[in-house]
Amino acid sequence: TPRISNPTPSNGASIKKSYNGTGPLLISNRREGKELSFFNLLYTDMGFKNCQKFFQDESYATKGTFTENQFIHFMRELTDLGDYQIVEMFDIFDSEDAGVIGFKAFFLLFSLVTALESGNGKQFLYLHLDAMFEIVARSSTATHVTWQEFIRFGYLMGINECAIYDHL
C-alpha cells in the first residue's frame, strides 16, 4: 500500500498521523472539531475543487492531460512507490495507450491512493467500481475480465498475486 508523504495544508488545518505514525494521515478541521482523512476531504466540495485546480494548473502546458513524466513526479512527491510501480499504475489508467491521462483518470488514481492510505478501499470501490471495471477491462461494454486483468485490479488495490492465489 502506498504511503502518503506529509504535506502541509495552507488552510490552517493540521496534519497528524494516527496510530503512532503507522495509520492514515488525517486533517484536523478545527472549526467543526473532527478529523477527515485525505480520502474524505477529497470528496468535499473544497477538496474536489482543489484537486481539479491542481490538475488544471499542472496540466496547462499539456492541454489538460498529465504525461507519464508529470505523473511520475507527482507520485514520487505523494507516495513511497518506486518508479516501476508508478509507471505500472499509469499504464493501467492510460486506457488509450496515448501516454497521457485526463482528469477523470487522475482523480480516480488520486482517490485510490488516498483511499488505500486511509483504509477506505471499500468506500472507494462503492463509489468507483464501474469506472474501475471499465479501466481494468479496457472497455466500457465488457461484462467480464480476464485473469490477467483481475490480477492487475488486485495490484491496484494493493493485493499481490500470491495473496489472490492463496484465497482460491
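Residues numbered from 1 in each chain as written. Predicted model: local features only at pLDDT ≥ 70, side-chain atom pairs only at ≥ 80, totals over all residues. Heavy atoms only, no water.

Trainee: How should a nonpolar patch on the surface be read in this particular structure?
Mentor: There is a patch of nonpolar side chains on the surface, built from Trp147, Phe150, Tyr165 and Leu168 and spanning about 450 Å² of accessible area. One can find Phe150 in helix H7 (residues 147–156). In this structure Phe150 comes out as partly exposed when scored by relative accessible area, which is 37%. (Patch = residues over 30% accessible without salt bridge, like charges linked within 9 Å, V, L, I, M, F, W, Y side chains within 5 Å. Areas by Shrake-Rupley, 256 points an atom, 1.4 Å probe, with all protein chains shown as cover. Salt bridge = Lys/Arg side-chain N within 4 Å of Asp/Glu carboxyl O. Helix = DSSP H or I, 4+ residues; strand = E, 2+ residues; numbered from the N terminus. Buried < 20%, exposed > 50% of the residue type's maximum accessible area, 1.4 Å probe, protein only.)

Trainee: Explain helix H4 (residues 83–93) to me, please; I cannot follow it from the model alone.
Mentor: For an α-helix the count is 3.6 residues per turn, leaving residues at separations of three or four pointing the same way. All of the buried residues along H4 are Ile86, Met89, Phe90, Ile92 and Phe93. All buried residues of H4 project into a common sector of 160 degrees when viewed along the axis, lining one side. Against the buried residues of H4 lie strand S4 (66–67), helix H3 (68–78), strand S5 (100–101), helix H5 (103–118), helix H6 (121–137) and H7. (Arc of directions from axis to C-beta. Contact = heavy atoms within 4.5 Å.)

Trainee: Just checking my understanding: could you explain unusual backbone geometry for this structure?
Mentor: Among all residues save glycine, negative phi is the norm, and among peptide bonds the norm is trans. Phi at Lys63 is positive, roughly 55 degrees, even though this residue is not glycine. Relative to the helices and strands, Lys63 resides in the loop between helix H2 (45–58) and S4. Despite not being glycine, Asp97 shows a phi value in the positive range, around 50 degrees. Here Asp97 lies in the loop between H4 and S5. The exposure class of Asp97 is exposed, given its relative accessible area of 61%.

Trainee: What should I look at first to understand H5 in this one?
Mentor: In this model, H5 (16 residues) spans 22 Å end to end at C-alpha, consistent with the 22 Å of a helix rising 1.5 Å per residue. Among the 16 residues of H5, 15 are classified as buried, and the element is accordingly described as predominantly covered. Gly119 lies just past H5 and shows a positive phi near 75 degrees. (Expected span 1.5 Å × (residues − 1).)

Trainee: Before we go on, may I ask you to explain the nonpolar core in this structure?
Mentor: In a soluble, globular protein the nonpolar side chains are often hidden away together inside. By size, the foremost hydrophobic cluster in this structure holds 36 residues, and its most contacted members are Phe71, Met75, Met89, Phe93, Ile101, Phe106 and Leu156. Those elements giving two or more residues to this core turn out to be helix H1 (38–42), H2, H3, H4, H5, H6 and H7. When residues of this core are assigned to their parent elements, the largest contribution, 11 residues, is made by H5. Sequence-distant contacts of Ile101, that is, excluding residues within four places in its chain, are made with Phe55, Thr65, Phe66, Phe71, Phe90, Phe93, Asp94, Phe106 and Leu109. (Core = buried A, V, L, I, M, F, W, Y, C linked by side-chain atoms within 4.5 Å.)

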